[in-house]
Amino acid sequence: MCSSDLAATAGYQTKMKDHLAQPATFVRHQQLLERKDIDAVFIATPDHLHVMVSSDALSAGKHVYLEKPTVHHWQDRIKLKQAFDASSKVLQCGTQQRSGAHYIAAKREFFDSGKLGKVVLVRAVWHNFPWQRRMLADEPKPADLNWELFLGPAPKVPWEYARYTSWRSFPDYGGGVLADILTHWVDTAQWMLNDAKPVRATALGGLYELQGYFQNPDTCSAVVQYKAWNLNFESSVLSIRDEHPAVFFEGTKGTLNLTRAGYTFTPNDGEPVVFNSKQDLEAAHTKNFLDAVITGSPVSAPLTAGLEATLPVQMCLKSYWSHKTATPEDLS
């Protein structure tokens, strides 16, 4: 186990003491990667550290499970891809819907079969994230926390408690709801529709309620245009009621409301078809990764899929901060 915060590491050890043997602990990930008895790593760092740590892991001969978003800056994909191509290791991106049995079944039954007809509109919604709207008082830096390691390739700034424990609020370290939420839902839509080539994107939003140290928007809407369909995205960290976050597909023969808990297919003619799922997507996705490591079977979310999901997110981030519509060419 590796973290720049030794107190956090100790907390994880205590939490898992009844489930796992106590692991060796490290502060610098390079020290962990030197271990010859480690075959694979699970990378769940803040977004800005994803490429650095995962590239080092691949170069050290480790298999990698990399949480989304795959990259924090679009240009960093080159470094990651070079490290992956030079290795013979497995890389699984953390878009766990791709290992969901009902997602796989829905793609086959409603999209590949043509039951939905021509899908021209996709609405993706997810709200209400209490952890990301906390208002935190500043605190001194713990003595056993390495601030320089946390900053990594990000700009060097003085310690600020919120930047550490609420890093998703700062564009230096994360992309807010666009990176956290849109990544999942746009990946689902592109996968279902076999189209990962966004043409242009526009994102609007702001800090409509949260004040103080927050920088990333608390509420955001975005439209991503493809050749023959649009994705409309809505997300807010605020307490907007949102019982079943979903990707809603509107086709010429019916609609499909697809969630992590199941789906409802409503044909234009006929009765709705409802399917409820209790599958643990995180467990299924982790099993898919471990199966790939052990048996050589393919992963559900390879690097190509992770980068394809990142492209429209990066376009939306470019649009939000520049106040202009963005195209893929604007990222180069």
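Up top you'll find the structure we're talking about.
A brief look at the structure comes next. What you see is a predicted model; the values in this text were computed from it and never measured.

**A few points about the sheet that holds strand β2 (residues 63-66)**
Piece 1. Strand order in this open sheet of three strands is β1-β2-β3, and the pairing throughout is parallel. The strands lining the two open edges of the sheet, one partner per strand, are β1 (40-43) and β3 (91-93). Neighbour-to-neighbour, the strand axes of this sheet turn through a mean angle of 10°, independent of strand direction.
Piece 2. Where β2 lies against β3, three bridges are found, and the strand directions are parallel. When the sheet's bridge partners are listed, Leu66 is paired in β3 with Cys93.
Piece 3. The sheet strands contacting helix α9 (residues 281-295) are β1, β2 and β3, and the helix crosses β2 at an angle near 165°.

**Here we look at the sheet that holds strand β9 (residues 254-259)**
Piece 1. Strands sit in the order β5-β6-β7-β4-β8-β9-β10-β11 across an open sheet of eight strands; the sheet is mixed. The open sheet has two edge strands, β5 (200-206) and β11 (273-276), and neither has a second partner. Adjacent strand axes in the sheet meet at a mean angle of 10°, parallel and antiparallel pairs treated alike.
Piece 2. Where β9 meets strand β10 (residues 262-267), six bridges bridge the pair, whose relative direction is antiparallel. Of the residues in β10, the one forming a bridge with Leu256 is Phe265.
Piece 3. Contacts from helix α5 (residues 101-112) reach β4 (119-127), β8 (246-251), β9, β10 and β11 within the one sheet, and its direction differs from that of β9 by about 170°.
Piece 4. Across the sheet, helix α8 (residues 176-193) lies against β4, β5, β6 (219-225), β7 (230-236), β8 and β9, angled at about 150° from β7, the strand it touches most.

**Description of unusual backbone geometry**
Piece 1. Cis geometry marks the peptide bond from Lys68 to Pro69, where omega comes out at -10°.
Piece 2. Mapping Pro69 onto the fold places it in the loop between β2 and α4 (77-86).
Piece 3. Look at Asn128: it is not a glycine, yet its phi comes out positive at around 70°.
Piece 4. Within the secondary structure, Asn128 sits in the loop between β4 and α6 (147-151).
Piece 5. Asn128 sits in the partly exposed class, given a relative accessible area of 32%.
Piece 6. One non-glycine residue, His323, lies in positive phi territory at about 60°.
Piece 7. Note that His323 resides in the segment after α10 (303-322).

**Considering the layout of surface pockets**
Piece 1. Computed from the structure, the second largest pocket encloses a volume of approximately 460 Å³.
Piece 2. For the lining of the second largest pocket, the secondary-structure elements that each account for two or more residues are α3 (50-59) and α10.
Piece 3. With four residues, the top contributor of residues to the lining of the second largest pocket is α10.
Piece 4. Of the residues in the lining of the second largest pocket, the class split is ten nonpolar, nine polar and five charged.

Scoring rules and cut-offs
Residues numbered from 1 in each chain as written. Predicted model: local features only at pLDDT ≥ 70, side-chain atom pairs only at ≥ 80, totals over all residues. Heavy atoms only, no water. Pairing = 2+ DSSP bridges. Helix = DSSP H or I, 4+ residues; strand = E, 2+ residues; numbered from the N terminus. Axes fitted to C-alpha atoms, helices over the stretch in contact; angles between N-to-C directions. Contact = heavy atoms within 4.5 Å. Buried < 20%, exposed > 50% of the residue type's maximum accessible area, 1.4 Å probe, protein only. 1 Å grid on protein atoms, 1.4 Å probe; cavity = no way out; pocket = protein on both sides within 12 Å on 5 of 7 lines; lining within 4 Å. Points joined across faces, edges and corners; volume = space filled by probe spheres on them. Nonpolar A, V, L, I, M, F, W, Y, C, P; charged D, E, K, R; others polar.

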